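Next come the chains, spelled out residue by residue.
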Amino acid sequence: MAQVVCVGDLLIDFVPTATGTGLADAPAFVKAPGGAAANVAVGLARLGVPSAFIGMVGDDPFGHFLADTLAQCGVDVGPLRFTTKARTALAFVSLRADGEREFMFYRHPSADMMFTPGEVDTGAIAAAKVLHFDSISLASENPRACSLFAAEKAREAGHLITYDANLRLPLWPDADSARAGILTGMAKAQVVKLSDDELEFMTGSREPAAVRRLWHDGLKLLTLSRGSAGSTWFTAADQRDVPTHAVPAVDTTGAGDGFMAGLIAGLLAEPGSVDDAAKLDRICGFANAVGALTTLERGAIPALPTREAVERFLESR
């Protein structure tokens, strides 16, 4: 059975074949499977952690392509649902010269917005050790209800709940709604990941100390991913910076999801790590490496590394 169940979005990313262009100027696009929660599920499977995905896609060629892709990557897609009420979600992702992204989503509505709590596989949640979700699923009514329902079932089972702030502002009615929604998700989790951009959005500051404004009593660990500066971890009593290794980034799509997969894998492999600074340094160093390696190829799922690739990378440094 899956040790980690990921709840959220699964979609097609259309990524420009040329870097440094806007969407209108891109000469062509390459189809790439993606979706933040699905990326984490694949990232975990590539790292040797059994994972499952809970969500909904269209009963259409793209939806079946995504299901087949996850299954081929070793993710349990038994909890994945199909619908004829809407088509699989699409996102066009523009890559700037620095490898950062801009998003245009086609969800009016998309299949994931049809998902309801009654279709959530509670058996898969009960059998797991960790439930992971992110704020993307909180931006629309039905996916939000599903994610919060899944988080409550995981809480009742005594499982670890992990959460990625994962801001996608175009999905929200406005910035205030996005801030409130992100906080709603954070309140359900014991482990949270933020990027420095998301920290600035939430607090007005990119300084790591601003994390403390978002802390709540249920948190055990919060990680702040900071791109080329590495990451910073926070517990209730401590915090430390963990450096990363510079790489020639091609596409940062999925890098945060790779980091999240590495973080969850490390927490599972090293019980009691939230009370051990040395273990947290090691776990976040590994997660940094997963995120860095994910930037070396276009798209998210195709770029997520295996455990062997991460270990070779770290040994070479």
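Residues numbered from 1 in each chain as written. Predicted model: local features only at pLDDT ≥ 70, side-chain atom pairs only at ≥ 80, totals over all residues. Heavy atoms only, no water.

Caption draft 1: How the structure looks around the overall build of the protein chain. A tally of regular secondary structure across the protein chain gives 9 helices and 13 strands. Over its C-alpha trace the protein chain gives a radius of gyration of 18 Å, about what one expects of a compact globule, namely 20 Å for 317 residues. Reported as C-alpha extents along the three principal axes, the dimensions of the protein chain are approximately 50 × 45 × 40 Å. Across the 317 residues that make up the protein chain, the buried fraction comes to 55%. Restricting the contact set of the protein chain to residue pairs at least 6 apart, pairs at least 24 apart contribute 70%. Treating the 28 positive side-chain charges of the protein chain as one cloud and the 38 negative ones as another, the clouds have centres 2 Å apart. (Helix = DSSP H or I, 4+ residues; strand = E, 2+ residues; numbered from the N terminus. Rg over C-alpha atoms; globule rule 2.2 N^0.38 Å. Buried < 20%, exposed > 50% of the residue type's maximum accessible area, 1.4 Å probe, protein only. Contact = heavy atoms within 4.5 Å. Lys, Arg positive; Asp, Glu negative; His and termini not counted. Charge placed at Lys NZ, Arg CZ, Asp CG, Glu CD.)

Caption draft 2: Seen up close, the pairing of strand β8 (residues 130-134). Burial analysis of β8 places 5 of its 5 residues in the buried class, which makes it a mostly covered element. Taken together, the 3 bridges between strand β1 (residues 4-7) and β8 define a ladder with parallel strand orientation. Residue pairing for β8: Val5 is matched across the bridge by Leu131. As judged from the 5 bridges shared by β8 and strand β9 (residues 160-164), these two strands associate in the parallel manner. Counted as the bridge partner of His132 is Thr162 from β9. In this view, the connection linking β8 to its parallel neighbour β9 by way of helix α4 (residues 141-156) has right-handed handedness. (Pairing = 2+ DSSP bridges. Right-handed = clockwise from strand over helix to strand, strands pointing away.)

Caption draft 3: Structural view of the packing of aromatic side chains. If you walk through the whole model with that rule in mind, you get 6 aromatic pairs. Ring geometry for Phe103 and Phe105: centres 5.6 Å apart, planes at 5°, overall stacked. By the ring-pair criterion, three or more aromatic residues cluster together here, those being Phe14, Phe29, Phe62, Phe92 and Tyr106. Directly above the ring of Phe65 sits Lys31, whose terminal nitrogen or CZ lies 4.1 Å from the centroid. Sitting over the face of the ring of Trp215, Arg212 holds its NZ or CZ atom 5.2 Å from the ring centroid. (Phe/Tyr/Trp six-rings, centres within 6.5 Å; stacked < 30°, edge-to-face > 60°. Lys NZ or Arg CZ within 6 Å of the ring centre and 35° of its normal.)

Caption draft 4: Structural detail: the pattern of salt bridges. Inspection of every chain in the model, using the stated rule, returns 11 salt bridges. Asp197 is the partner of Arg206 in a salt bridge, and the nearest nitrogen-oxygen pair spans 2.6 Å. Exposure remark for Arg206: the relative accessible area of 37% places this residue in the partly exposed category. Classification of Asp197 as partly exposed rests on a relative accessible area of 45%. (Salt bridge = Lys/Arg side-chain N within 4 Å of Asp/Glu carboxyl O.)

Caption draft 5: Structural detail: the sheet that holds strand β13 (residues 239-242). Ordered by their spatial adjacency, 9 strands build an open sheet running β5-β4-β1-β8-β9-β10-β11-β12-β13, and the pairing between neighbours is mixed. Pairing within the sheet leaves two strands with one partner each, and these edge strands are β5 (80-83) and β13. Within the sheet, the average angular offset between the axes of one strand and its neighbour, ignoring direction, is 15°. With 4 bridges connecting them, strand β12 (residues 231-234) and β13 associate as antiparallel partners. The residue of β13 that forms the bridge with Ser231 is Val242. Each of β1, β8, β9, β10 (191-195), β11 (221-225) and β12 touches helix α7 (residues 255-269); the most contacted strand, β9, lies at about 160° to it. (Axes fitted to C-alpha atoms, helices over the stretch in contact; angles between N-to-C directions.)

Caption draft 6: Representation of the environment of Phe149 in the model. Within the secondary structure, Phe149 sits in helix α4. Of the residues examined, Phe149 reaches a relative accessible area of 27% and is grouped as partly exposed. The residues touching Phe149, leaving out its near neighbours within four places in the chain, are Pro117, Val120 and Thr122.

Caption draft 7: The arrangement of α4 in detail. Taking 1.5 Å per residue as the helical rise, α4 with its 16 residues ought to reach 22 Å, and the 23 Å between its terminal C-alpha atoms agrees with that figure. Among the residues making up α4, those that are buried are Pro143, Cys146, Ser147, Ala150, Ala151 and Ala154. Buried residues along α4 cover an arc of 130° about the axis, so they all sit on one side. Exposed and facing more than 90 degrees away from the buried side of α4 are Glu141 and Glu156. Contact partners of the buried residues in α4: β1, α3 (122-127), β8 and β9. Looking at the residues trailing α4, positive phi occurs at Gly158, about 80°. (Expected span 1.5 Å × (residues − 1). Arc of directions from axis to C-beta.)

Caption draft 8: Focus on the packing of α7 against helix α8 (residues 277-294). Contact pair α7 / α8: the axes reach a minimum separation of 7 Å and the direction vectors enclose 150°. On the basis of the axis angle, α7 is roughly antiparallel to α8. Crossing angle aside, the handedness with which α7 passes α8 is right-handed. Between α7, through Ala255, Gly258, Phe259, Gly262, Leu263, Gly266 and Leu267, and α8, the contact on the second element is made entirely by Ile283, Cys284, Phe286, Ala287, Asn288, Val290, Gly291 and Thr294. (Parallel < 35°, antiparallel > 145°, perpendicular 65-115°, else oblique. Left-handed = near helix turned anticlockwise from the far one by under 90°.)

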